[in-house]
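Architecture at a glance
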Amino acid sequence: MSVGDIGAQSQPSSGEVTLWNEVSNRIRLFPWWVSYNKGTNYESFLKDCIVNLGEEVGFQDRWLKSILRHAISEFSKKGLGADYYGYHNIDHELEAAYFTLLAASNQTGDFMFTQKECIYLFVAALFHDYDPSKQFDKPNEDAIEKFIRSDPKIRKFIDDVGIDINLVLCLIYRTAYPFKGEIAEHALSRMNQLFTAAGIAESDQQTRKRYTDLGWFLSVAERVAGYALGDFEHSVDLARRNAHALSWHPSVINRNSVKYFAMLKDEKEVLKWVLRGVYKEHIQNLENNIRSFEEAWQDEQQVKAIDPKVILRLENEIAEKMNILNELLLLYRESPILFKVKEDVFKRTLSDKDSILITLRRDSNDGKIIGYAKGGPLEMYDLRPGTLDQNLGRRNTAYLEGIAIDHEYQGGAGGHMLRIAFLGEAGKLGYRFVTGYAHRDVINQRIKKGEQIETVRKYDPDNLDYYRMTLT
């Protein structure tokens, strides 16, 4: 058994959340906590937005800051913080909490919420995905209920503002998605039990419907929050994370994103209700991002119908690499690359003499770059927190940073061509191994095909694992 095998097998299962795991996560996230406390990262920005809005709405300042601090701390130390690759992380939770509170607090006339209802919506939004035991990225509402009830601080936060934990959980159960079939049946059954526990009689259908509608409002708000708060680059990142969690091939991201938004037509009245309370810029963002996904999918279909011819090129000279930097950056920003390095790292490593760059180009007069595979010596890169590679410092391992394909050309053989070309060039340069991050299913499929690959470090529940391939 190799060191890599030991590292992969010795990790706790996704259901184990031990004290050591929490301590380890806190140590790994120390640099993030520094930037958070300085107010220089996205999570601190969202926190400030929520605090400012909460003060306008009339939330008690100390309570609001304390519950946010607890949520961010719990998500982070239980592995669902900023470094968690899945979709349902602390960023999504904060986006959902802010967007839902904004939408709820600005309603007028017959659509207005009471302040207590706004509190219910906010607390439910903040913890609606709190499931650190999950085996998959998609949270389980029964597990969420268990974790919320077992957290004395969350219970106290709820008691301090005079709301009922059973009704908070009712709203969370209504966010189960898709809300149909067995999923909806189970959620509604549990919601009825929780209504009774909260003292709302079965005969009081008006009150039960009101809280059910609150949950529906939350469900729609949290699903569109990220797409309304950010630009298309942010939306692509959300779609990429969601695709990774669902094991989608990158070529179906745009198509499935279009379907995702199309399904909102079945909830158009609630969507209108949500959007009544947000700013025009958020509505414009959402509409622009939906349109961009539609256009991207249409472009893919047109290109696939043409079946373009492509060629590979090894980019050797630093000057050549820097001349095509802008084209590469465009692909880097738009492509669904797993564990993407920061842009400054991308630029720095590109100009390194030891970097490996293979471009995929149209076989035409313009030679347009439509994809690339990029990497270099393992020593050039910072790995995902928790990854330790025994070969670091031995200069015998090439790290495959990422493979990017223009969205119009995804779904063809370009990605496979680039990967094989990168492996071949790494072998020519004398490397014995190639490493990188890939979805667990992809790694297992390659092993079944006979590739000499071992999983060095597993990450649950996002399944974005670190592998090592032996070159022969």
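Residues numbered from 1 in each chain as written. Predicted model: local features only at pLDDT ≥ 70, side-chain atom pairs only at ≥ 80, totals over all residues. Heavy atoms only, no water.

1. Details of the confidence of the model for the chain
Within the chain, residue pLDDT values average 89, and 92% of them lie at 70 or more. Across the chain, the element-wise mean pLDDT spans from 36 in helix H1 (residues 3-9) up to 98 in helix H10 (residues 165-173). Predicted confidence is poor over residues 1-17, with pLDDT under 50, and the contacts of this stretch with residues over four places away or in other chains come to 28 contacts. (pLDDT = per-residue confidence, 0-100. Helix = DSSP H or I, 4+ residues; strand = E, 2+ residues; numbered from the N terminus. Contact = heavy atoms within 4.5 Å.)

2. Quick notes on the packing of H10 against helix H11 (residues 181-197)
At a minimum axis distance of 9 Å, the contact between H10 and H11 shows a crossing angle of 165°. Considering their axes alone, H10 and H11 lie roughly antiparallel with respect to each other. Between H10 and H11 lies a crossing of left-handed hand. Between H10, through Asn 166, Leu 167, Leu 169, Cys 170 and Tyr 173, and H11, the contact on the second element is made entirely by His 186, Ala 187, Arg 190, Met 191, Leu 194, Phe 195 and Ala 197. Grouping the constituent residues of the contact of H10 with H11 by class yields 9 nonpolar, 2 polar and 1 charged. (Axes fitted to C-alpha atoms, helices over the stretch in contact; angles between N-to-C directions. Parallel < 35°, antiparallel > 145°, perpendicular 65-115°, else oblique. Left-handed = near helix turned anticlockwise from the far one by under 90°. Nonpolar A, V, L, I, M, F, W, Y, C, P; charged D, E, K, R; others polar.)

3. Digging into the nonpolar core
With 88 residues, the main nonpolar core has Phe 122, Val 123 and Phe 127 as its most contacted residues. Apart from the residues lying within four places of it in its own chain, the contact partners of Phe 127 are Ile 67, Ala 71, Phe 75, Glu 93, Ile 144, Ile 148, Ile 154 and Ile 172. Val 341, Tyr 372, Val 456 and Tyr 459 belong to the second largest nonpolar core, which has 26 residues in total. (Core = buried A, V, L, I, M, F, W, Y, C linked by side-chain atoms within 4.5 Å. Buried < 20%, exposed > 50% of the residue type's maximum accessible area, 1.4 Å probe, protein only.)

4. Points about the sheet that holds strand S1 (residues 310-314)
The 7 strands lie next to each other as S1-S2-S3-S4-S5-S7-S6, forming an open sheet whose pairing is mixed. Edge positions in the open sheet fall to S1 and strand S6 (453-457), since each of these has one partner strand only. Going from strand to strand, the sheet's axes swing by 25° on average, the running direction of each strand aside. Alignment of strand S4 (residues 397-405) against strand S5 (residues 433-439), held across 3 bridges, turns out to be parallel. (Pairing = 2+ DSSP bridges.)

5. Concerning the layout of surface pockets
Empty space among the atoms can be located by rolling a probe the size of a water molecule over them. Here the largest pocket is characterised by a volume of approximately 1,500 Å³. Lining the largest pocket are 38 residues, and of these Ala 82, Arg 241, Phe 339, Lys 340 and Lys 342 lie nearest its centre. Listed by contribution, the elements that provide at least two residues to the lining of the largest pocket are helix H3 (30-38), helix H4 (42-57), helix H6 (90-105), helix H13 (232-245), helix H18 (325-334) and helix H19 (343-350). Per-element accounting of the lining of the largest pocket gives the leading share, 6 residues, to H13. (1 Å grid on protein atoms, 1.4 Å probe; cavity = no way out; pocket = protein on both sides within 12 Å on 5 of 7 lines; lining within 4 Å. Points joined across faces, edges and corners; volume = space filled by probe spheres on them.)

6. Remarks on unusual backbone geometry
The omega torsion across Tyr 177 and Pro 178 is -5°, close enough to zero to call that bond cis. Summarising the element assignment, Pro 178 is placed in the loop between H10 and H11. At Arg 395, a position not held by glycine, the phi torsion is positive, near 60°. Secondary-structure assignment places Arg 395 in the loop between strand S3 (369-377) and S4. Of note, the phi angle at Asn 463 is positive, near 60°, even though the residue is not glycine. Its place among the elements puts Asn 463 in the loop between S6 and strand S7 (464-470).

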